[in-house]
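Listed below, chain by chain, are the residues.
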Amino acid sequence: PAGGWSYLATIPALTTEDYKEIFREAGVHCYCDDESAVIYANKSYLTLHVNKAGSRLLALPRRCRVIQLLPEERVLAEDAMEFAVDAEAHTTYLFRME
């Protein structure tokens with residue numbers, strides 16, 4: 001949680017855009033605007049899972065080198081703040097941020 005705060009929504013009164021604005025104001029980093037993408041990230045690793053094929057733009061919290069580890073290992077970006085992935089349907093991608 002950003003700044004030691006947690007957010008619990010108990011009613012579906014807010015839209016996705018409402019939540020995004022709340023999280024932006026709280027300083028939460030948004031890796032991808034695609035609402036269908038599933039993201040897990042920590043200081044060094046970023047995981048992306050997609051059900052639909054297509055290009056996804058991923059924004060990074062800091063400048064870094066990005067190495068794709070799965071499904072195949074390769075360098076995707078150097079000293080970057082964002083990078084694109086041409087994702088295949090029903091695929092999980094694992095990246096290391098250095």
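Higher on the page you've got the structure.
Reference entry: report on the structure contained in this document.

Definitions and cut-offs
Residues numbered from 1 in each chain as written. Predicted model: local features only at pLDDT ≥ 70, side-chain atom pairs only at ≥ 80, totals over all residues. Heavy atoms only, no water. Pairing = 2+ DSSP bridges. Helix = DSSP H or I, 4+ residues; strand = E, 2+ residues; numbered from the N terminus. Salt bridge = Lys/Arg side-chain N within 4 Å of Asp/Glu carboxyl O. Buried < 20%, exposed > 50% of the residue type's maximum accessible area, 1.4 Å probe, protein only. Axes fitted to C-alpha atoms, helices over the stretch in contact; angles between N-to-C directions.

What follows is about the pairing of strand 4 (residues 74-87). The sheet contact formed by strand 3 (residues 54-70) and strand 4 spans ten bridges and is antiparallel. Counterpart to Ser 55 in the pairing with strand 4 is Asp 86. Between strand 3 and strand 4, which pair antiparallel one after the other, the connecting turn spans three residues.

Throughout the structure, instances matching the rule amount to seven salt bridges. The shortest N-O distance in the salt bridge between Lys 20 and Glu 35 comes to 3.9 Å. Of this pair, Lys 20 sits in helix 1 (residues 16-25) while Glu 35 is found in the loop between helix 1 and strand 1 (38-41), placing the two residues 15 residues apart along the sequence. Among the salt bridges present, the one from Arg 24 reaches Glu 21, with a minimum N-O distance of 3.2 Å. Here Arg 24 pairs with Glu 21, and both are found in helix 1, just three residues apart, close to one helical turn. The exposure class assigned to Glu 21 is partly exposed, which follows from its relative accessible area of 38%. Salt bridges sharing partners connect three or more residues here, namely Arg 65, Glu 78, Arg 96 and Glu 98.

Strand order across the open sheet formed by five strands is 1-2-5-3-4, with antiparallel pairing between neighbours. At either margin of the open sheet sits one strand with a lone partner, and together these are strand 1 and strand 4. Sheet twist, expressed as the average angle between the axes of neighbouring strands with direction ignored, equals 15°. Bridge analysis of strand 1 against strand 2 (residues 45-50) gives four bridges, and the strand direction is antiparallel. Paired with Ala 41 across the two strands is Leu 46, which belongs to strand 2.

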